[in-house]
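Inside the fold
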Amino acid sequence: MNINVLYGTETGNAEMLAEDIAAELEANHEVTAINLSDFDPANFDADTLYLLVCSTYGDGELPASAQPFAEKLESEQPDLTGVHFGIFGMGDSEYEETFNGGPKTLAELMIARGASQLGDRIAHDASGTDMAEDIAFPWAEQIVGMADETIGQAA
Amino acid sequence: MTGQIAIIGAGPSGCFLAQALLKSDPALQVDLIDRLPVPYGLVRYGVAADHQGTKAVSRQFARLFERQGARFFGNVSIGSDVTLDDLRGAYDAVVLAAGLSADRALAVPGGDLGGVFGAGKLTRALYEHPEAEALPQLGPRPLIVGNGNVAIDLLRLLAKTPEELEGSDLGHSPTDWLAASGIEEITITGRSPAAAAKFDTVMIKELGKLGGVTIRVLGAGETDDPQARKKLEALAALEEGEGPRRITFRFGLTPIAVEGDSRAEAVRFASDAGEEVLPCSSVLTAIGFDAPGDLPRDLLLAEESEGKLAEGLYATGWFRRGPRGTIPDNRADAKELAERILTEIAPDTTKTGAALLGALPDTTDYSGWSRIDNAETANPPPGRCRVKITTREDMLRLAREEETQ
Ligand SMILES: Cc1cc2nc3c(=O)[nH]c(=O)nc-3n(C[C@H](O)[C@H](O)[C@H](O)COP(=O)(O)OP(=O)(O)OC[C@H]3O[C@@H](n4cnc5c(N)ncnc54)[C@H](O)[C@@H]3O)c2cc1C
Ligand SMILES: Cc1cc2nc3c(=O)[nH]c(=O)nc-3n(C[C@H](O)[C@H](O)[C@H](O)COP(=O)(O)O)c2cc1C
């Protein structure tokens, strides 16, 4: 399967995780990790699975590298019907009310444009005891499994 | 080999720079040198003990040494153990990422009285930096001068109850010191009006979680700017607690003198309404940082342009930009500089690189730091995630220990 791991990051944690996920899936799939700042929403493709990895900044906002992408989703309103994505969020429970606000916003924007979310949105906690990759690898496998059944079916 | 680069300082700026360099060119030899036996700079000794999530960025930095081929040379002070010129002679490029560790002085009459403490000094003592002085007596009514995030960090830690420090890496003696501080009231003062204060809104919101305090906000004023309004709203929302410790925010106060016989007893301020004297039992200054003087920063930066100081010599992070900006800002800065270095570097195979450092006694390497790190995190007491090794001697001893089979 063709997989793009798209990451939105401010201090690089999401980037490192995205690259780890890509490395983990590489053996069996065509995988590329791409910064959301380098990805044009016009290039979404129904035959590719998108794994989004995104952190949270400021007061529950998107991290810097995801902001131009989010702005384009809003201003250009691309039609993402048929596009499948899973989303792994990063945040810190110290920021109570705004915990994982960034990925929440990102998922909502994708869905509003017609994209379909596979699986639950995961919310990693930087103040928790779990290593991000320990949760993310099984999550990625699970989403890929779900995508196996959906992506390609239409084609 | 495509070149050898020495980075002075293994704080976030140095580490992000090494990361960006090695990502573009994995064949580079990148050596991170730090005067402490342990890496990560202010991530370890500045970021608050109760902000462990922020410290998690060091997992990325560990990668540098574990997988990307960067090397760590700890306990090497550039300027005394090795001169900057010798280092430049041994490497194709040298980057100053040494931060700014000295507290900017409160330059008013009485600013040097007893009982006036800089935030850098105080946080180093709280976080058990190996060169820290003993934690001082603050008395029942410390007054904080400054309105940046560092000032808010200090305020929050001083105001926390022992239970609120659960999960942190605050050490045993600082924890006892806080519990016995006898602080009744903390006043925090800023020069600007609240709307222009430097602190981030989230830092203020976090204070709303404190259980042991009653917070008053005086003279916060008003604003038309929506961003600034969030700050004022966050401040206003603080005035709800009913805890025993009193916290008072004051704005628009410029300190003009610290008063007292041998020890600070009050601070005299100028404000729009005239002069005002606020009594206190100690003064904590959080008004920025300066170079400690071990490297001639002003001279070095005299010709600086976008991170380049001279042929093969660069600077990044707080050392270059001054004491402003958070960890993400250093990342952006480091990425730009990495690109520049990569286009300019001219590898010279006669340069001997780390041979210069290999000759020094008592240096630590990454495996030595791993042993220290493991010792610190192996058996923390309840409510703590780490117990720091506090002296240089103990760090060096642990770093030298062979791993037991
Ligand atoms: C108290 C405090 C709290 C903070 N909290 C936060 C926060 O919560 N979140 C956030 O994003 N930012 C925070 N910051 C800001 C953040 O710490 C800085 O942006 C960042 O650390 C600057 O990185 P740096 O690498 O330039 O400097 P530093 O982190 O200071 O690293 C410099 C390194 O150089 C070494 N060094 C110095 N001189 C020499 C020499 N002569 N030879 C060899 N090595 C040398 C030092 O030992 C140190 O390890 C805080 C700052 C302070 C002071
Ligand atoms: C200044 C700052 C603000 C943050 N704000 C939030 C927030 O509002 N909500 C949240 O869940 N996490 C917040 N975080 C935590 C980050 O999302 C978390 O540390 C994450 O691992 C960072 O990933 P990144 O390096 O890819 O950006 C914040 C972190 C910082 C340093």
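Residues numbered from 1 in each chain as written. Chains lettered and ligands numbered in written order. Predicted model: local features only at pLDDT ≥ 70, side-chain atom pairs only at ≥ 80, totals over all residues. Heavy atoms only, no water.

Observations concerning the site of ligand 2
All names here are of chain A. Taken together, 20 residues lie around ligand 2, and Thr9, Thr11, Ala14, Thr56 and Asn100 are the ones closest in. One nitrogen or oxygen atom from the side chain of threonine 9 is found 2.6 Å from an oxygen atom belonging to ligand 2. For ligand 2, an oxygen atom lies 2.7 Å from a polar atom in the side chain of threonine 98. Burial of ligand 2 by the protein amounts to 91% of the accessible area it has alone, namely 650 Å². For the shell around ligand 2, the elements supplying multiple residues, two or more each, are α1 (13-25) and β4 (84-91). The residue inventory of the shell around ligand 2, partitioned by class, reads 6 nonpolar, 11 polar and 3 charged. (Near = heavy atom within 4 Å. Polar contact = N/O pair within 3.5 Å; in protein donor to acceptor, adjacent residues only side chain to side chain. Areas by Shrake-Rupley, 256 points an atom, 1.4 Å probe, with all protein chains shown as cover. Helix = DSSP H or I, 4+ residues; strand = E, 2+ residues; numbered from the N terminus. Nonpolar A, V, L, I, M, F, W, Y, C, P; charged D, E, K, R; others polar.)

Comments concerning the domain arrangement of chain B
All names here are of chain B. Along its sequence, chain B is carved into domain 1 (4-101 + 291-404) and domain 2 (104-288). Each of domain 1 and domain 2 has a C-alpha centre, and the two are 31 Å apart. Between domain 1 and domain 2, the buried area comes to about 2,000 Å², and carbon and sulfur atoms account for 48% of it. Sorting the residues of domain 1 by area buried against domain 2 places Tyr45, Asp50 and Arg384 first, and these three jointly supply 30% of that buried surface. Across the contact surface, domain 1 and domain 2 share 4 salt bridges. Note that arginine 156 and aspartate 50 form a salt bridge whose closest N and O atoms lie 2.7 Å from each other. Linking domain 1 with domain 2 are 15 residue pairs in polar contact (both at pLDDT 80 or more), by the criterion used here. Elements represented by at least two residues in the side of domain 1 that touches domain 2 include exactly α2 (41-45), α3 (52-55) and α16 (392-400). (Domains from an automatic or database assignment. Buried area = accessible area lost by both parts, 1.4 Å probe. Salt bridge = Lys/Arg side-chain N within 4 Å of Asp/Glu carboxyl O.)

Re the interface of chain B and chain A
Where the parts come together, the accessible area they lose is often given as the size of the interface. Of the residues lining the interface, 19 residues belong to chain B; the matching set on chain A comes to 22 residues. Interface area for chain B against chain A, summed over the two sides, is near 1,700 Å², with a carbon-plus-sulfur share of 42%. When the area that chain B buries against chain A is broken down by residue, the three leading residues are Arg59, Lys209 and Arg331 of chain B, summing to 29%. Where chain B meets chain A, there are 7 salt bridges. The closest approach of N and O atoms between arginine 63 of chain B and aspartate 20 of chain A, which form a salt bridge, is 2.6 Å. In terms of residues, the side of chain B that touches chain A owes the most to one element, helix α13 (residues 327-344) of chain B, which gives 4 residues. Across the side of chain B that touches chain A, the residue classes tally to 6 nonpolar, 3 polar and 10 charged. (Contact = heavy atoms within 4.5 Å.)

Describing the environment of threonine 175 of chain B
All names here are of chain B. One can find threonine 175 in helix α8 (residues 172-179). Relative accessible area serves as the criterion here: at 18%, threonine 175 is assigned to the buried category. Along the primary structure threonine 175 and leucine 165 are separated by 10 residues, whereas in three dimensions their C-alpha atoms are 8.5 Å apart. A distance of 3.5 Å separates a polar side-chain atom of threonine 175 from the backbone oxygen of leucine 170. (Buried < 20%, exposed > 50% of the residue type's maximum accessible area, 1.4 Å probe, protein only.)

Concerning the packing of aromatic side chains
Each aromatic ring pair is summarised here by two numbers: the centre-to-centre distance and the angle between the ring planes. The tally for this structure, following the rule as stated, stands at 13 aromatic pairs over all chains. Their ring planes at 20° and their centres at 4.9 Å tell us that phenylalanine 65 of chain B and tyrosine 366 of chain B sit as a pair that is stacked. Here phenylalanine 65 of chain B, found in helix α4 (residues 58-66), pairs with tyrosine 366 of chain B, found in helix α15 (residues 366-378); they are 301 residues apart in sequence, far enough to count as distant. Ring-pair connections join several aromatic residues into one group, and the members of that group are Phe39, Phe44, Tyr50 and Phe69 of chain A. The ring of tyrosine 127 of chain B has lysine 55 of chain B sitting right over it, with the charged end atom 5.8 Å from the ring centre. Directly above the ring of phenylalanine 319 of chain B sits arginine 297 of chain B, whose terminal nitrogen or CZ lies 5.7 Å from the centroid. (Phe/Tyr/Trp six-rings, centres within 6.5 Å; stacked < 30°, edge-to-face > 60°. Lys NZ or Arg CZ within 6 Å of the ring centre and 35° of its normal.)

Concerning unusual backbone geometry
The general pattern is negative phi for most residues beyond glycine and trans for most peptide bonds. Even without a glycine there, the phi angle at asparagine 100 of chain A is positive, about 60°. Considering the arrangement of structural elements, one finds asparagine 100 of chain A in the loop between β4 and α3 (101-112). Positive phi is not limited to glycine here, since glutamate 128 of chain B has a value of about 60°. As for its placement among the helices and strands, glutamate 128 of chain B is situated in the loop between α6 (119-126) and β7 (142-145). What makes glutamate 128 of chain B buried here is its relative accessible area of 12%.

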